[in-house]
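Here's the letter readout for the chains.
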Amino acid sequence: MGVLARASLGEIAGCLEQAPPLPAHVRLRGPEAGLVMVRGRQGGDGGRFNLGEMTVTRCSVRLADGTLGHAYVAGRDLRQAELAALLDACLQRPELHGALLAEVVQPLAARQAEAAAKLARKAAATKVEFFTMANMRS
Amino acid sequence: MYVAVKGGERAIGNAHAWLDEARRGDPALAELDVAQVEQQLGLAVDRVMAEGSCYDRGLAALAVKQARGDLIEAAFLLRAYRTTLARFGASEPVETGAMRIQRRISATYKDLPGGQVLGPTFDYTHRLLDFALAAEREAVAPAPEGVADPAPMPRVTELLAREGLMRRESRSDAEPPDLTRDPLNFPVPRAAWLQALARGDEGFLLGLGYSTQRGYGNSHPFAGEIRMGEVTVEFTPPELGFAIELGEIVLTECQMVNQFAGSKSEPPQFTRGYGLVFGHGERKAMAMALVDRGLRAEELGEPVDAPAQSQEFVLYHCDNVEATGFVEHLKLPHYVDFQSELEKLRSLRQEAGQ
């Protein structure tokens, strides 16, 4: 679910081109945009406090066979949330699970991991290597 | 007091039409795209998200464009928009210790696990106007990449706490107060003031934080650690009953390390002031941490005699949307009020003249 929440609508739709067609679904709730209050901890590790809200879109769908799918994704993209909910339902279907995992979830996860790794490498390039002044004086 | 007056619809309509035209500027120039604001004025967007208390880069960028770059007006727009949305619930507390670090520095330890990571910073720039930015430029080369160290980056405060030199936070999972739902009743707990400071005005908190350094509430701070990067937000929907990941948000966290003389029950040790803000907002996070420590004076048995140590002073004045509302309401018609003042003044002068 985290992988689909992080992916954009375009990224998910792009992966679905290679995947088997998704079954029809009905919307049970949403998609609707709302807020989640983000909490932090005092001092980073103490009691909770309310930091501020973030926009979140949620959606719940049902497949013809009754399988339910839910999604809560950061942002306001209604179609992304609906697609994520539909995929959540389809991933519970044994006949679709393998193909969707291989064609959608894993490629997106790999792309997200690479983006995070690239950021980490850029950060690493700005890590300070200290010279000790004692050596420079001697 | 002000009174309702009718009239002026035409003038208001025309004024807003002019506002639209002024916002657009010279039509010979390309119109600013919201995505351009989001990407290229990222720190303005971050500030609007922090003070608007709503994390959504697209909405904040739209607000910056609509407000013609007036960031307090933009925060106001974002605050107004958030009232139109239902709240699904509250997240699990974000784990800033597991932040995917873009920047992490400490002014208290040179060599610390994970090292000093500068990230995309203005520090060490010469603050000379770069006229190359005013000219057409070739594509910017991608930033160099190094070899990432997968080792965790423990918080500096944790290193001190392990030695018993840093006062530990009391970890509780009590439901925190929410100032957007419940009015402030002084004295308020620290959770309430941290929420207020996180959405407070950067300029106001900067001035107050500065005042604590200059002696109004002696706090002798060290920037123990500043870190900026992505954290994962987890949320437990009631229909699922387990936490799911909503996505990532960028946060800036500051841990100020301050002296504490100790008390009858506690040995001398360091205490912390804490700052946490949406987006990349280092100055704000540092100022917030200074003011947080100031507000802890009473809890730590210190004298409370400076503005930054007074809950009422800080919390009633740090919110720029509230402050703007009351300051700018002075623009509304006060004709009747003023008429009575005029009459009073005239009669006083008449009496004095007799």
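As for the overall build of chain A
Thinking step 1. Helix and strand counts for chain A come out as five helices and three strands.
Thinking step 2. Overall, the C-alpha framework of chain A stretches about 80 × 35 × 25 Å when taken along its three principal axes.
Thinking step 3. Taking all 138 residues of chain A together, the buried fraction comes to 42%.
Thinking step 4. For chain A, the proportion of contacts with a sequence separation of at least 24, taken over those separated by at least 6, is 53%.

So, the overall build of chain B
Thinking step 1. Within chain B, the regular secondary structure consists of 12 helices and six strands.
Thinking step 2. Projected onto its principal axes, the C-alpha coordinates of chain B cover approximately 75 × 60 × 55 Å.
Thinking step 3. Put simply, 64% of the contacts in chain B that link residues at least 6 apart link residues at least 24 apart.

Focus on the sheet that holds strand 6 (residues 271-278) of chain B
Residue and element names in this part refer to chain B.
Thinking step 1. Taken in spatial order, the four strands line up as 3-4-5-6 in an open sheet, and their pairing is antiparallel. Only two strands of the sheet have a single neighbouring strand rather than two, namely strand 3 (100-105) and strand 6. Across this sheet, the average inter-strand angle for adjacent strands is 20°, counted without regard to direction.
Thinking step 2. As defined by bridge partners, strand 5 (residues 244-258) adjoins strand 6 across eight bridges and the pair is classed as antiparallel. Looking at the pairing, V257 lines up with R272 of strand 6.
Thinking step 3. Sheet strands touched by helix 9 (residues 282-295): strand 4 (222-235), strand 5 and strand 6. Its angle to strand 6, the strand with the most contacts, is close to 145°.

Re the domain arrangement of chain B
All names here are of chain B.
Thinking step 1. For chain B, the assigned domains read domain 1 (9-82) and domain 2 (96-120 + 151-168 + 181-318).
Thinking step 2. Placing the centre of domain 1 and that of domain 2 at their C-alpha centroids yields a distance of 30 Å.
Thinking step 3. With eight residues of domain 1 in contact, the opposing surface of domain 2 contributes 11 residues.
Thinking step 4. Looking at which element gives the most residues to the side of domain 1 that touches domain 2, the answer is helix 3 (residues 42-52), with six residues.
Thinking step 5. Taken together, the residues that form the side of domain 1 that touches domain 2 break down as four nonpolar, one polar and three charged.

Thoughts on unusual backbone geometry
Thinking step 1. Here the residue pair G30(A) and P31(A) is connected by a cis peptide bond, since its omega of 5° sits within 30 degrees of zero.
Thinking step 2. Mapped onto the secondary structure, P31(A) falls in strand 1 (residues 25-41).
Thinking step 3. Following F186(B), the chain continues to P187(B) via a peptide bond in cis, the omega torsion being -5°.
Thinking step 4. Position of P187(B) among the secondary structure elements: in the loop between helix 6 (156-162) and helix 7 (190-198).
Thinking step 5. Phi angles above zero are rare outside glycine, and S53(B) is one such case at about 55°.
Thinking step 6. Relative to the assigned elements, S53(B) resides in the loop between helix 3 and strand 1 (54-55).
Thinking step 7. Although it is not a glycine, R127(B) adopts a positive phi angle of roughly 55°.
Thinking step 8. Here R127(B) lies in the loop between strand 3 and helix 6.

Some thoughts on the interface of chain A and chain B
Thinking step 1. Counting from both sides, the interface comprises 49 residues of chain A and, opposite them, 67 residues of chain B.
Thinking step 2. Where the side of chain A that touches chain B is concerned, the elements lending two or more residues are helix 1 (2-6), strand 1, strand 2 (48-63), strand 3 (68-74) and helix 4 (94-125) of chain A.
Thinking step 3. Counted by class, the side of chain A that touches chain B contains 23 nonpolar, 14 polar and 12 charged residues.
Thinking step 4. With four bridges joining them, strand 1 of chain A and strand 2 (residues 87-93) of chain B adopt parallel strand pairing. By the bridge assignment for strand 2 of chain B, M37(A) is matched with A90(B).

Brief notes about the pairing of strand 1 of chain A
Residues and elements named next belong to chain A.
Thinking step 1. Pairing between strand 1 and strand 2: 14 bridges, direction antiparallel. Paired with V36 across the bridge in strand 2 is M54.
Thinking step 2. Here strand 1 folds back onto strand 2, and the loop between the two strands holds six residues, one of which, G43, carries a positive phi near 70°.

Considerations on the nonpolar core
All names here are of chain B.
Thinking step 1. By size, the foremost hydrophobic cluster in this structure holds 98 residues, and its most contacted members are V48, A60 and V291.
Thinking step 2. Taken together, domain 1 (9-82) and domain 2 (96-120 + 151-168 + 181-318) each give at least three residues to this core, which thus spans both.
Thinking step 3. Leaving out residues up to four positions away in the same chain, V48 has contacts with A60, A63, V64, L71, A74, A75 and L78.

Describing the environment of L205(B)
Residues and elements named next belong to chain B.
Thinking step 1. Along the chain, L205 falls in helix 8 (residues 202-213).
Thinking step 2. On the basis of neighbour counts, which here come to 27 C-beta atoms within 10 Å, the residue L205 falls in the buried class.
Thinking step 3. Excluding its chain neighbours within four sequence positions, the residues that come into contact with L205 are L197, G200, K284, A287, M288, V291 and C318.

Remarks on the packing of helix 8 of chain B against helix 9 of chain B
All names here are of chain B.
Thinking step 1. Where helix 8 meets helix 9, the axes come as close as 8 Å, and the angle between the chain directions of the two elements is 55°. In this view, helix 8 runs oblique relative to helix 9, as classed from their interaxial angle. The handedness of the crossing between helix 8 and helix 9 is left-handed. Contacts from E202, L205, L206, L208, G209 and T212 in helix 8 reach R283, K284, M286, A287, M288, L290, V291 and G294 in helix 9.

A closer look at the pairing of strand 4 of chain B
Residues and elements named next belong to chain B.
Thinking step 1. With five bridges connecting them, strand 3 and strand 4 associate as antiparallel partners. Residue pairing in the sheet places I105 in a bridge with I226 of strand 4.
Thinking step 2. Summarising the sheet, strand 4 and strand 5 pair through 13 bridges and their orientation is antiparallel. Note on strand 5: the bridge partner recorded for E230 is V250.

A word on the confidence of the model for chain B
Thinking step 1. Here chain B averages 92 in pLDDT, and 99% of its residues register 70 or above.
Thinking step 2. Our summary of model confidence lists the complex with pTM equal to 0.93 and ipTM equal to 0.93.

Quick notes on the rules
- Residues numbered from 1 in each chain as written.
- Chains lettered and ligands numbered in written order.
- Predicted model: local features only at pLDDT ≥ 70, side-chain atom pairs only at ≥ 80, totals over all residues.
- Helix = DSSP H or I, 4+ residues; strand = E, 2+ residues; numbered from the N terminus.
- Buried ≥ 20, exposed ≤ 12 C-beta atoms within 10 Å, placed from the backbone.
- Contact = placed C-beta atoms within 7 Å.
- Pairing = 2+ DSSP bridges.
- Axes fitted to C-alpha atoms, helices over the stretch in contact; angles between N-to-C directions.
- Domains from an automatic or database assignment.
- Nonpolar A, V, L, I, M, F, W, Y, C, P; charged D, E, K, R; others polar.
- Core = buried A, V, L, I, M, F, W, Y, C linked by C-beta atoms within 7 Å.
- Parallel < 35°, antiparallel > 145°, perpendicular 65-115°, else oblique.
- Left-handed = near helix turned anticlockwise from the far one by under 90°.
- pLDDT = per-residue confidence, 0-100.

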